[in-house]
Structures are given as C-alpha cells and as structure tokens.
Amino acid sequence: MSVLRVFTRNMATAAKINNVVIIGGGLMGSGIAQVAAATGHNVTIVEMNDQLVGKALGGIKKSLERVAKKQFKDDAAKGQQYVDGTLSKLKGSTKLEEAVASTDLVVEAIVEKMNIKHELFSKMDAAAPASTIFTSNTSSLSIAEIGAVTKRQDRFGGLHFFNPVPMMKLLEVIRTEKTSEETYQQLMEFGKKLGKTCITCKDTPGFVVNRLLVPYMAEAIRLLERGDASARDIDIAMKLGAGYPMGPFELSDYVGLDTTNNIIHGWHEKFPENPLFNPPKMLEKLVSEGKLGVKSGEGFYSYKK
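Because the structure is a prediction, the values reported are computed rather than measured. Every residue gets a number counted from 1 within its own chain, in the order that chain's sequence is written. For this predicted model, a pLDDT threshold of at least 70 governs which residues receive local features, and a threshold of 80 or more governs which side-chain atom pairs are given and counted, while totals over whole chains, interfaces and linings are taken from all residues. Excluded from the side-chain calculations are hydrogens and water; all other atoms, namely the structure's heavy atoms, are used.

(A) A look at the overall build of the protein. Looking only at helices and strands, the protein features 13 helices and 8 strands. Only C-alpha atoms enter the radius of gyration, while the globule expectation follows 2.2 Å times N to the 0.38, with N the number of residues. Since a compact globule built from 305 residues should have a radius of gyration of about 19 Å, the 21 Å found for the protein is in line with a globular shape. Type-normalised accessible area, obtained with a 1.4 Å probe on protein chains alone, sets the label of each residue: buried when under 20%, exposed when over 50%, and partly exposed for intermediate values. Counting only residues that meet the buried cut, the protein has 44% of its 305 residues in that class. Looking at the protein alone, contacts between residues at least 24 apart form 65% of all its contacts between residues at least 6 apart. As displayed, the protein has an accessible area near 15800 Å², and 56% of this comes from carbon and sulfur atoms. By the criteria applied, helices consist of DSSP H or I runs no shorter than four residues and strands consist of E runs no shorter than two, each listed in order from the N terminus. Note on contacts: a residue pair qualifies if any of its non-hydrogen atoms lie within 4.5 Å across the two residues. To measure how exposed things are, a 1.4 Å probe is used in the Shrake-Rupley method; for residues, cover is taken only from the protein chains shown.

Set out below in structure tokens:
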C-alpha cells in the first residue's frame, strides 16, 4: 500500500464529525437534526426567524417523546432521560454565518431551487472554516452544480435522507468527481454513526431511489391516462403482484404531486431527449388545480373526511 493511501486512510479515521449545522428546520431538516442529536452530535438548526426555529425544536421534542414512548415503554424515567439528553444536544439559530463558523459539517435541507442554494452556499463558503464539509440533502438536483459556487468542491457531497428520517434506514451518500476520498469516508462514517445503512451513488439525476421511483410513478400515470387500468387497480397490482408496501398513486399522493412534478420537469429540462422524463399531462393538470395529494386533501384519491 502506498504512503499516500495510508495517509489518506489515517486522515479519514482521525477526522471526526462532532458539530453539525442543519440549514432548514422543515420536515427533512428537523428529522436529520433529531437523528444527529440522538447519536451524540452537537446540532444547530438554522432557520430564517425565531418562530421557525421554535416550530422546528417543538416538532423534534414531540417526535422524541413518541420514540421514547415506544422504546422505553417499561421505563418512563429512562425515556425522559433520552428526550432530555437529545434536546440538550440541540439548539436553534437565525444567524447563518455565526452558526457555520465553528462546525465540522453542514447539511442543507432547504427548497429545491438552484439559485437559492447557490446564494446560501456562497455565503457559507465565506464564513465556514476551510475544513468544514458541505453537503446537500437534495433529492433531484446535481450536487456538483450546487457546490460549483464554493471553493471547497473536494469537501462537498450529497447526503440524501428519506422521510420520515428517524424511521427510514437508508442514506444515499453522493460523491461528485471532485469529492475527495477523505470527505467521502467521513460522510460514510457519519451516516453509519446515525444508524443508517449507507449506499454510494455517483452524482446522477435522482441518485438511486428517485431515479427508479419517479419514472415508475410517471409510467403508472401514463398507464392511467391511456385508460389501461384504474388507479386503484394499478395500486393493488403493484402491492399484491410486486410486494410493494404502497402502490404508485398512493405513493405519489404521499410524496406530493407538486414535488414529483417539479422533479420530473427539472429532469426534462436538462435531459429533453429522455422519454422517461416526459412530464405526464394528468400530473400537471392535478397540480394546476391545487390537488397535491395527502397534504391538500386530494390528489389521485380524496382524503377529505
């Protein structure tokens, strides 16, 4: 083994991620923060105002109480200790530059808009130490393109978590052509410490899960558009015939039709020649009518009581 490889391996082993900053306290950001704090990391959630910080921390407290009830049902004191111990590792902030000035890792979990991500990472790049690793939790945008505005492309990668983060075991670790081996090893170690099963993927559209899932959902919609089968029958077919826990229409409604539509439109703009990325007309129509799935009360199915 070469001296360089030994050095790289030792560096990867030596460098530990202790302090973590999560940008965005929404569903994904809060989930990532909860899991990181519960595994002993010092976590700061950065939001735009105090109200959003309070909402994120309050949501995490409720989530932790639910976990404690299940995990420590026979020992309430131990459950409370778990909740208090995790919360003691968490804090909120509205001061971006101050929060990233002394952190080992940043996980960005904000809106899926490239220009907004670029603005954010440019600001953080100027404020964070050179050693800080930057990552994005994007589910559909290019990691290399997001990181292109920084001077640390060797310390830039993707950490794609799945919703709900405390429950879902998978973590996709994305490395670009410029992500260093040391950075990659640190991200894999961090993911394992969170208790996740980590897989690696190149910086390709949708990585592994969404690259298979989004075209699958789109093809199911095209099946419905042609009148080949009803949405209910397609869902039953995939659950009982393929062993899927949810059918494609149930899944689309759960994910959010606007989210699925945005992903497929983004890919279609970048790769117009790929027929798998053609946005289905029925999906566009439902989104334009405000039928976004479970969150709006109606999508392919109605959820109104």
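(B) Representation of the side chain of Arg155 in the model. Relative to the helices and strands, Arg155 is located in the loop between helix H7 (143-147) and strand E6 (156-160). With residues near it in sequence (within four places) discarded, Arg155 still touches Ala130, Ser131, Thr132, Ile133, Phe134 and Thr183.

(C) Structural context of the nonpolar core. Formed by 30 residues in total, the largest nonpolar core has its most connected members in Leu105, Leu159 and Val173. Looking at this core, the elements that each hand over two or more residues are strand E1 (19-23), helix H2 (27-38), strand E2 (42-46), helix H3 (50-71), strand E4 (105-108), strand E7 (170-175) and helix H8 (181-193). Nonpolar cores were defined as sets of buried Ala, Val, Leu, Ile, Met, Phe, Trp, Tyr and Cys residues, with membership established by side-chain atoms within 4.5 Å. Core analysis: the second largest hydrophobic core is formed by 20 residues, Met217, Ala220, Ile263 and Phe277 among them.

(D) Representation of the side chain of Asn274 in the model. Looking at the element boundaries, Asn274 is found in the loop between helix H12 (257-270) and helix H13 (281-288). The buried category is assigned to Asn274, whose relative accessible area is 18%.

(E) Looking closely at the layout of surface pockets. We place a 1 Å grid over just the protein atoms. Points where a 1.4 Å probe fits but has no way out form a cavity, open points with protein on both sides within 12 Å along at least 5 of 7 lines form a pocket, and any residue with an atom within 4 Å of a point lines it. Grid points are joined across faces, edges and corners, and a volume is the space filled by probe spheres set on the points. Put simply, the second largest pocket is a space of about 250 Å³. Lining of the second largest pocket is provided by 17 residues; of these, Val21, Thr44, Lys91, Ala99 and Ser102 occupy positions nearest its centre. Looking at the lining of the second largest pocket, its residues break down into 5 nonpolar, 8 polar and 4 charged. Ten residue types, Ala, Val, Leu, Ile, Met, Phe, Trp, Tyr, Cys and Pro, are classed as nonpolar, four, Asp, Glu, Lys and Arg, as charged, and the remainder, Gly among them, as polar.

(F) Expanded view of the packing of aromatic side chains. What counts as a ring pair is set by centres within 6.5 Å for rings of Phe, Tyr and Trp (its six-membered ring), and what kind of pair is set by the plane angle: stacked under 30 degrees, edge-to-face over 60, tilted for all other angles. All chains considered together, the criterion is met by 8 aromatic pairs. Here the aromatic rings of Phe134 and Phe156 are separated by 6.5 Å at their centres, their planes lie at 80°, and the arrangement is edge-to-face. Highlighted residues: Phe134 in strand E5 (residues 133-136) and Phe156 in strand E6, separated in sequence by 22 residues. Phe156 shares its class with Phe134; the two are buried. Among the aromatic residues, ring-to-ring pairing joins Phe121, Phe134 and Phe156 into one connected group. Either the NZ atom of lysine or the CZ atom of arginine qualifies as a charge over a ring when it sits within 6 Å of the ring centre and within 35 degrees of the ring normal. For the cation-ring pair, Arg152 lies above Phe134, with the distance from its terminal atom to the ring centre recorded as 4.2 Å.

(G) Quick look at the pairing of E7. As paired strands, E6 and E7 are joined by 4 bridges and run antiparallel to one another. What sits directly across from Gly158, in E7, is Ile174. Bridge count for E7 against strand E8 (residues 197-202) is 6 bridges, and the pairing is parallel. In the strand pairing of E8, Leu170 is matched with Thr197. For a crossover, the right-handed case is the one in which the path from the first strand over the helix to the second runs clockwise, viewed with the strands pointing away from the viewer. A crossover links E7 with its parallel partner E8, the connecting element being H8, and its sense is right-handed. The pairing criterion is simple: DSSP has to find at least two bridges between the two strands.

(H) Up close: the sheet that holds E1. Spatial ordering of the open sheet is given by E3-E2-E1-E4-E5-E6-E7-E8, a layout of 8 strands whose pairing is mixed. Edge strands, defined here as strands with exactly one partner in the open sheet, are strand E3 (90-93) and E8. If you compare each strand with its neighbour and ignore which way they point, the axes differ by 25° on average. Note: E1 against E2, 5 bridges, orientation parallel. Paired with Asn19 across the two strands is Asn42, which belongs to E2. As a rule, the C-alpha atoms of each element are fitted with a line to give its axis, helices using only the stretch in contact, and angles between N-to-C directions run from 0 to 180 degrees.

(I) Focus on H3. One less than the number of residues in a helix, times 1.5 Å, gives the span that helix is expected to have. Taking 1.5 Å of rise per residue, the 22 residues of H3 would be expected to cover 32 Å, and the 31 Å separating its terminal C-alpha atoms lies within 8% of that figure. By the burial criterion, the buried members of H3 are Val53, Ala56, Ile60, Ser63, Leu64, Val67 and Ala68. Take H3 and look down its axis: the buried residues cluster within an arc of 145°, on one side only. For H3, the exposed residues lying more than 90 degrees away from the buried face are Gln51, Lys55, Lys62, Arg66 and Lys69. One side-chain oxygen of the residue at the start of H3 lies 3.2 Å from the amide nitrogen of Gln51, identifying that residue as Asn49. To be clear, the arc concerns the directions from the helix axis to the C-beta atoms. Nitrogen and oxygen atoms within 3.5 Å of one another constitute a polar contact, given that in protein one can donate a hydrogen and the other can accept it, and given that sequence-neighbouring residues count only through two side-chain atoms.

(J) The arrangement of the packing of helix H10 (residues 231-241) against helix H11 (residues 248-255) in detail. Here H10 crosses H11 at 100°, and the two axes come no closer than 7 Å. Comparing the axis directions of H10 and H11 gives the class roughly perpendicular. Touching Ala231, Arg232, Ile234, Asp235, Met238 and Lys239 of H10 are Pro248, Phe249 and Glu250, all from H11. Broken down by class, the residue content of the contact of H10 with H11 amounts to 5 nonpolar, no polar and 4 charged. Angular relationships are summarised with four words: roughly parallel below 35 degrees, roughly antiparallel beyond 145, roughly perpendicular across 65 to 115, and oblique for the angles in between.

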